[in-house]
Amino acid sequence: MWTGSEAHLSMLNGIAASYTEKNPDVTVRFETIPFADYVQKITLQLAGGNPPDLGWLLESSAPTFVDAAVLADVSETLKSTEGYDFDDLSQGAMGLWQDGDAVYGVPFSTSPFIVYYNASLYDAAGLEHPDALAAKGEWTWERLKQDAAALADAEAGVWGFQSVDGQGYGGRAVHTLIPMVRSHGGDAWADGTCGWASDEAVEAVSLYHDMIFKDHSAVPPGEQGDFFTGNAALTVTQLSRVSKLKDAAFDWGIAPLPSGPAGEASVIGQAAIVAFAQGKQTDLAADFMAHMTSAENVAIMAEFFPPARNSVLEGEAFLTSNAAVSPEQMKIVANGIANGAVAPGHVAYPQIESAMRPKFDALWKPDADVKAVLEDVCAAIEPLL
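Residues numbered from 1 in each chain as written. Predicted model: local features only at pLDDT ≥ 70, side-chain atom pairs only at ≥ 80, totals over all residues. Heavy atoms only, no water.

### Some details on the overall build of the chain
Scanning the chain for helices and strands turns up 17 helices and twelve strands. In terms of C-alpha radius of gyration, the chain reaches 21 Å, essentially the compact-globule figure of 21 Å for 385 residues. Once the C-alpha set of the chain is aligned to its principal axes, its extents read approximately 60 × 45 × 30 Å. A total of 385 residues make up the chain; the buried ones form 52% of that total. Residue pairs at least 24 apart in sequence account for 74% of intrachain contacts in the chain once pairs closer than 6 positions are excluded. Taking the average location of the 20 positive side-chain charges in the chain and that of its 51 negative ones, the two points are 4 Å from each other. (Helix = DSSP H or I, 4+ residues; strand = E, 2+ residues; numbered from the N terminus. Rg over C-alpha atoms; globule rule 2.2 N^0.38 Å. Buried < 20%, exposed > 50% of the residue type's maximum accessible area, 1.4 Å probe, protein only. Contact = heavy atoms within 4.5 Å. Lys, Arg positive; Asp, Glu negative; His and termini not counted. Charge placed at Lys NZ, Arg CZ, Asp CG, Glu CD.)

### Regarding the state of the cysteines
Applying the stated criterion across every chain, the model contains one disulfide. Note that Cys 194 is cross-linked by a disulfide to Cys 378, the S-S spacing being 2.0 Å. Of note, the bridge from Cys 194 to Cys 378 carries an S-S torsion of about -70 degrees and is left-handed in sense. Within this pair, whereas Cys 194 is found in strand S8 (residues 193-194), its partner Cys 378 is found in helix H17 (residues 370-381), the two being separated by 184 residues in sequence. Residue classification places Cys 378 among the buried positions, given a relative accessible area of 8%. (Disulfide = S-S within 2.5 Å.)

### Focus on the environment of His 129
With respect to the element layout, His 129 can be found in the loop between helix H6 (119-125) and helix H7 (130-135). It is 9.8 Å that separates the C-alpha atoms of His 129 and Asp 147, two residues lying 18 residues apart in sequence. The residues touching His 129, leaving out its near neighbours within four places in the chain, are Tyr 117, Ala 119, Tyr 122 and Asp 123. Separated by 2.7 Å, the side chains of His 129 and Asp 123 make a polar contact. (Polar contact = N/O pair within 3.5 Å; in protein donor to acceptor, adjacent residues only side chain to side chain.)

### Looking at the side chain of Gln 329
Relative to the elements of secondary structure, Gln 329 occurs in helix H15 (residues 327-339). For Gln 329, a relative accessible area of 14% translates into the label buried. A polar side-chain atom of Gln 329 sits 3.0 Å from the main-chain amide nitrogen of Ser 326. Leaving out residues up to four positions away in the same chain, Gln 329 has contacts with Gly 253, Ile 254 and Ala 324.

### A short note on the packing of helix H10 (residues 199-213) against H17
Following both chains from N to C, one finds H10 and H17 inclined at 120 degrees, their axes separated by 10 Å at the closest point. Taken together, the axes of H10 and H17 lie oblique to each other. Remark: the crossing between H10 and H17 carries right-handed chirality. Note on element contacts: H17 touches H10 through Val 370, Lys 371 and Leu 374, opposite Asp 199, Ala 201, Val 202, Val 205, Ser 206 and His 209. (Axes fitted to C-alpha atoms, helices over the stretch in contact; angles between N-to-C directions. Parallel < 35°, antiparallel > 145°, perpendicular 65-115°, else oblique. Left-handed = near helix turned anticlockwise from the far one by under 90°.)

### Considerations on the nonpolar core
Grouped together as the largest cluster of nonpolar side chains are 70 residues, with contacts concentrated most on Trp 56 and Met 301. In terms of residue count, the dominant contributor to this core is helix H11 (residues 282-292) (six residues). Once you skip the residues sitting within four places of it in the chain, Trp 56 turns out to touch Met 1, Trp 2, Thr 3, Leu 12, Tyr 38, Phe 108, Ala 272, Met 292 and Phe 305. Ranked by size, the runner-up nonpolar core spans 56 residues in total, among them Phe 213, Ile 352, Leu 374 and Cys 378. (Core = buried A, V, L, I, M, F, W, Y, C linked by side-chain atoms within 4.5 Å.)

### Structural notes on H15
Residues separated by three or four positions in an α-helix point in the same direction, a consequence of the helix having 3.6 residues per turn. For H15, with 13 residues, the first-to-last C-alpha span of 18 Å sits near the 18 Å given by 1.5 Å per residue. Buried residues of H15: Gln 329, Met 330, Ile 332, Val 333, Ala 334, Gly 336 and Ile 337, and no others. Buried residues belonging to H15 abut strand S4 (106-112), strand S5 (114-118), strand S10 (252-255), strand S11 (267-275), helix H13 (310-313) and helix H14 (316-319). (Expected span 1.5 Å × (residues − 1).)

### Thoughts on the packing of aromatic side chains
Evaluation of the coordinates by the stated rule reveals 19 aromatic pairs. An angle of 65 degrees between the planes, with centres 5.9 Å apart, marks the rings of Tyr 116 and Phe 228 as edge-to-face. Pair noted here: Tyr 116 is in strand S5 and Phe 228 is in the loop between H10 and strand S9 (232-237), with a separation of 112 residues, a long-range link. For Phe 228, a relative accessible area of 9% gives the class buried. Here the aromatic rings of Tyr 169 and Trp 364 are separated by 4.8 Å at their centres, their planes lie at 75 degrees, and the arrangement is edge-to-face. Pair noted here: Tyr 169 is in the loop between strand S6 (159-162) and helix H9 (173-183) and Trp 364 is in the loop between helix H16 (349-361) and H17, with a separation of 195 residues, a long-range link. Across the pair, exposure class does not vary: Tyr 169 and Trp 364 are buried alike. An aromatic cluster of at least three residues, connected via ring pairs, comprises Trp 2, Phe 35, Tyr 38, Trp 56, Phe 108 and Phe 305. In this structure, Arg 172 is placed above the aromatic ring of Phe 35, and the distance from its NZ or CZ to the ring centre is 4.2 Å. Of note, Arg 309 hangs over the ring of Tyr 84, and the distance from its end group to the ring centre comes to 4.6 Å. (Phe/Tyr/Trp six-rings, centres within 6.5 Å; stacked < 30°, edge-to-face > 60°. Lys NZ or Arg CZ within 6 Å of the ring centre and 35° of its normal.)

So this is what it looks like as structure tokens:
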């Protein structure tokens with residue numbers, strides 16, 4: 001997995017302990033691989049014939065790993081485990097992880113991207129909070145851009161906006177840009193055709209480019225500005241990152257993604273637990289997957305990872321699952337899941353990402369021709385689509 005959060009690991013080790021209590025001859029160990037290196041390292045382990053028994057996979061990687069036949073079909077175990085209630089899993093959430101009757105993974109997190117904002121900075125500047133603006137239909141990317149410019153304070157070392165996980169110029173470039181692009185009416189690709197060079201995408205990416213190089217409000221390449229330590233006023237990320245605010249020295253809030261010319265466009269990031277077919281303990285791995293994604297344990301994980309189980313997501317317990325997040329704020333998360341679309345994925349995603357990344361690098365210069373760069377992105381990835 002890619003989380004190193006102490007709160008996440010404590011929760012997961014608790015779930016493992018409830019399994020080993022019933023299976024005392026079993027040891028469960030969680031190993032963290034940095035997000036940016038995750039797919040490459042798992043791929044190398046698979047190529048070397050020594051993969052872990054289980055792993056976490058993003059939605060973007062699902063088609064690739066399913067197509068490569070490296071994931072174990074766990075359908076028989078899940079459907080035969082007493083009390084598992086396979087039909088409680090949302091069919092919409094399971095779409096990427098099923099092929100006919102075969103089941104290759106169970107999402108433990110179906111989490112929309114949301115805006116976190118520093119309420120202390122907003123109050124000091126006399127600005128209306130993003131969630132209040134959203135309630136009035138006035139929370140737009142243009143408004144976020146204005147707020148970020150107003151809140152940026154170079155003298156105090158505060159940026160206006162931080163990209164997703166601070167990796168918007170590398171591993172999280174697509175997750176940073178696609179909410180803007182979709183709200184403008186565009187998309188990364190569809191039906192084998194690249195959409196990055198569309199007028200809608202160019203307009204959206206230009207907005208972000210202006211935030212970096214004209215407004216000097218977004219954290220630029222090579223600089224550090226961490227929202228969670230108070231060095232950025234706004235960021236886009238997911239519910240699980242709330243664990244990083246445990247000791248925050250400022251007030252904070254969350255809001256839905258801003259709307260754009262095409263309206264609201266909630267983007268969902270998804271991750272599933274999978275068992276690798278080459279693993280040394282495939283039967284045991286499938287059994288632990290059933291335990292980890294049972295209704296009881298999904299309810300526990302809902303504190304940080306919005307679930308794929310209808311009974312949990314639709315229950316009142318979900319709205320109160322995280323003491324740091326109010327029920328009203330959790331409704332923002334639930335609405336994002338209900339109305340969102342999964343982030344871009346493709347059977348050739350690793351190759352597409354490798355082809356995109358050096359082309360995107362040309363964007364992050366003050367004098368970049370955004371349209372020309374995005375046309376180069378399309379030229380690079382169109383043969384792979």
